[in-house]
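Architecture and fold: a report
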Amino acid sequence: MAIWIGIDDTDSKKGGCTTYVAAVLIRRLEKNGIKIIGYPRLIRLNPNCPYKTRGNAAIAVKADTDDIDMVKGIAIEVVEEYSELDEGAETGIALLPKEPDERLKKFYWRAVREIVPKEDAFKLAEDIGATIVYYEDGKGLVGALAAIGADLTPGKTYELIAHRTREYWGTVRKIDPKSVFEMDKATRPYTFDNVDYETGEIRIAPHTPCPVLLGIRGVDPEIVMKAFKMLKIYEPIEYVTVFETNQATDVHYQKLKIGELKHGVNAIVEGIVSQAPRLDIGGHVFFKLKDETGEIYCAAYEPTKSFREIVLQLIPGDEVVAYGAVKLKPQGLTLNLEKIGVKKLAKKIVVRPPICPACGKRMKSLGAGKGYRCRKCGLKVGVEAAERVEIPRSLKPGFYEVPPSARRHLTKPLELAL
Ligand code: ZN
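This section reports on the structure supplied with the text.

Cut-offs used in this document
- Residues numbered from 1 in each chain as written.
- Predicted model: local features only at pLDDT ≥ 70, side-chain atom pairs only at ≥ 80, totals over all residues.
- Heavy atoms only, no water.
- Helix = DSSP H or I, 4+ residues; strand = E, 2+ residues; numbered from the N terminus.
- Buried < 20%, exposed > 50% of the residue type's maximum accessible area, 1.4 Å probe, protein only.
- Contact = heavy atoms within 4.5 Å.
- Areas by Shrake-Rupley, 256 points an atom, 1.4 Å probe, with all protein chains shown as cover.
- Lys, Arg positive; Asp, Glu negative; His and termini not counted.
- Charge placed at Lys NZ, Arg CZ, Asp CG, Glu CD.
- Donors = N, O, S within 2.8 Å, 3.2 Å for Na, K, Ca; no water.
- Tetrahedral: all angles 85-135°; square planar, octahedral: opposite > 155°, others 65-115°.
- Expected span 1.5 Å × (residues − 1).
- Arc of directions from axis to C-beta.
- Phe/Tyr/Trp six-rings, centres within 6.5 Å; stacked < 30°, edge-to-face > 60°.
- Lys NZ or Arg CZ within 6 Å of the ring centre and 35° of its normal.
- Core = buried A, V, L, I, M, F, W, Y, C linked by side-chain atoms within 4.5 Å.
- Polar contact = N/O pair within 3.5 Å; in protein donor to acceptor, adjacent residues only side chain to side chain.
- Pairing = 2+ DSSP bridges.
- Patch = residues over 30% accessible without salt bridge, like charges linked within 9 Å, V, L, I, M, F, W, Y side chains within 5 Å.
- Salt bridge = Lys/Arg side-chain N within 4 Å of Asp/Glu carboxyl O.

The next subject is the overall build of the chain. Secondary structure assignment for the chain yields eight helices and 23 strands. Each of the three principal axes of the chain carries a C-alpha extent, and together these read 100 × 50 × 35 Å. Among the 418 residues that make up the chain, the fraction classed as buried is 51%. Across the chain, every contact between residues at least 6 apart in sequence was considered, and the portion connecting residues at least 24 apart equals 69%. Surface summary for the chain: the accessible area is close to 19,300 Å², and the carbon and sulfur share equals 52%. For the chain, the centre of its 64 positive side-chain charges and the centre of its 57 negative side-chain charges are spaced 12 Å apart.

Encoded structure:
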């Protein structure tokens, strides 16, 4: 028999890290003679959750034992040592001495796509016979249960996480950036998000005072280990752990009509550009998208950098599929773009005065809707005589995405969509 252990909400805004709790938990179980079955899981939940700390990550491990009291004791011990309980972490621990059933899988899908109230977690734990331990109000139980129930059949990726020894926490990470670029060149697209070429920034190392030295994401466990070995690191490493994750799989997205959108969902919306993009103060780009059920603002914010140049080339009539988080903003519901598929381009037509049929000179407009007059011979013609010129579009059909620094954990990079 095996016991699933799920843990969530161990960190505060100040530091801490759920993956560190997982790394310690695994070693402590092993020290007590309990093996881990398969890879530990790092599960990201709905990134729009209003009370998330940072990445909204939960963890789960499967322990090869039937001694639930021992597992519970070890989990509590690790959480109480490393969770930021006195900084307001509302840690939840769930223990399940069997495989997750449909109810738990359904709960995961809700937690990754919606905002689930903690009352639902308490109710589910009772229904499925999970043992729970919680601190404060137990908000962490939502993620603890969802991590156990995570359905990775639609796709999964891996992340190798190296944790720092305690005396280095809060200090500058000693990783040779050149070795990160070299690793990226040698292993991408089997690894991803290592660097942001647009900003020149190293993406594997966080900037927070947390115990994570670095994380390497990739499509299989061997490649992330190979990539890790290519790095030049000048500080001691406490643990290296490879997690199985739902990161970069697009599982948070739902295909929705504009009329069905609401605050907090992550949506894939097909529609037609109904208002031309405009560049706003602060460098944000907005346009309107419509379908047969309604109209919504789409936004490419300043941090999306060169992605905005793509968006600015859209014109009314273009058919697109937009991916993003739906937020309620002063202007109304707004889709914060993460990816856009340009499916069909509208014709870009400019209207200009015609050539005078009598003397061959370019005519002059008499004002909007009033037709044209020749300055040389005085001939007048109606608006229908206007010359309509099709201007070639610079935008090409295809998919475009925000740079890695503006992409959220669950969003699949285009280079993985093979
Ligand atoms: Zn003329």
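Another aspect to go through is the coordination of the zinc ion. Here the zinc ion is held by C356 (SG), C359 (SG), C374 (SG) and C377 (SG), and the distances to it run 2.2 to 2.4 Å. In this structure, the zinc ion is coordinated by four donor atoms arranged in tetrahedral fashion, with angles at the metal of 98 to 123°. Counting residues between consecutive donors of the zinc ion along the chain gives the motif C-x2-C-x14-C-x2-C. Separated by 18 residues along the polypeptide, C356 in the loop between β18 (348–352) and β19 (364–365) and C374 in the loop between β20 (372–373) and β21 (380–381) bring together distant segments of the chain.

The next point concerns helix α2 (residues 68–82). In a regular helix each residue adds 1.5 Å, so 15 residues correspond to 21 Å; α2 covers 21 Å between its end C-alpha atoms and thus fits that length. Looking only at α2, the buried set comprises V71, I74, A75, V78 and V79. Projection of α2 onto a plane perpendicular to its axis shows the buried side chains occupying an angular sector of 130°, all on one side. In the core, the buried residues of α2 are packed alongside β1 (3–8), α1 (18–31), β3 (57–64) and β4 (92–96).

A complete count under the given rule lists 10 aromatic pairs for this structure. Arranged with centres 5.6 Å apart and planes meeting at 75°, the rings of F181 and Y197 form a pair that is edge-to-face. With a gap of 16 residues between them, F181 in helix α6 (residues 177–187) and Y197 in the loop between β8 (195–196) and β9 (201–202) connect regions that are remote in the sequence. Judged by its relative accessible area of 42%, Y197 falls in the partly exposed class. Look at F286 and Y301: their rings are 5.8 Å apart centre to centre, the planes differ by 90°, and that puts the pair in the edge-to-face class. Of this pair, F286 sits in strand β14 (residues 285–291) while Y301 sits in the loop between β15 (294–300) and α8 (307–311); the two residues are 15 residues apart in sequence, bridging distant segments of the chain. Y301 carries the same exposure label as F286, and that label is buried. Three or more aromatic residues joined by ring pairs make a cluster, and in this case those are Y20, Y82, W169 and Y239. If you follow K339 out to its NZ or CZ, it ends over the ring of Y323, 5.0 Å from the centre.

Among the nonpolar cores identified, the biggest contains 33 residues, and I5, I7, L25, L29, V61, V71 and I93 are the most heavily contacted of them. Here this core takes eight residues from α1, the largest share from any one element. Aside from chain neighbours lying at most four places away, what touches V71 is I3, I5, L29, I34, A63, T65 and L95.

With respect to the helices and strands, T249 occurs in the loop between β11 (237–245) and β12 (253–255). Within polar-contact distance, the side chain of T249 engages the backbone oxygen of N246 at 2.6 Å. Sequence-distant contacts of T249, that is, excluding residues within four places in its chain, are made with G155, K156, L410 and K412.

This brings us to unusual backbone geometry. Omega for the peptide link from R188 to P189 comes to 5°, which places this bond in the cis form. Looking at the secondary structure, you find P189 in the loop between α6 and β7 (191–192).

Right, let's talk about the sheet that holds β21 for a bit. Spatially, the three strands line up as an open sheet ordered β19-β20-β21, and their pairing is antiparallel. Strands with a single pairing partner mark the edges of an open sheet, and in this sheet they are β19 and β21. As judged from the two bridges shared by β20 and β21, these two strands associate in the antiparallel manner. By the bridge assignment, R373 is partnered in β21 with K380.

The next thing to look at is a positive patch on the surface. Residues K364, R373, R375 and K380 make up a contiguous surface patch of positive charge. You can see K380 is positioned in strand β21.

Counting through the fold element by element, R217 comes out in strand β10 (residues 212–218). A polar atom in the side chain of R217 sits 3.1 Å from the side chain of H409. The contacts of R217, once residues within four sequence positions are left out, are R44, Y158, E159, Y190, T191, F192, D193, V224, Q247 and H409.

Here the focus is the pattern of salt bridges. This structure, assessed with the given rule, holds 29 salt bridges. Measuring nitrogen to oxygen at the nearest pair gives 2.8 Å for the salt bridge that ties R393 to D318. Of this pair, R393 sits in the loop between β22 (387–391) and β23 (398–401) while D318 is found in the loop between α8 and β16 (319–329), placing the two residues 75 residues apart along the sequence. On the accessibility criterion, R393 (15% relative accessible area) is buried. The exposure class assigned to D318 is buried, which follows from its relative accessible area of 0%. Two residues, R362 and E387, come together in a salt bridge whose shortest N-O distance is 3.1 Å. Residue R362 is found in the loop between β18 and β19, and its partner E387 is found in strand β22; the two are separated by 25 residues along the sequence.

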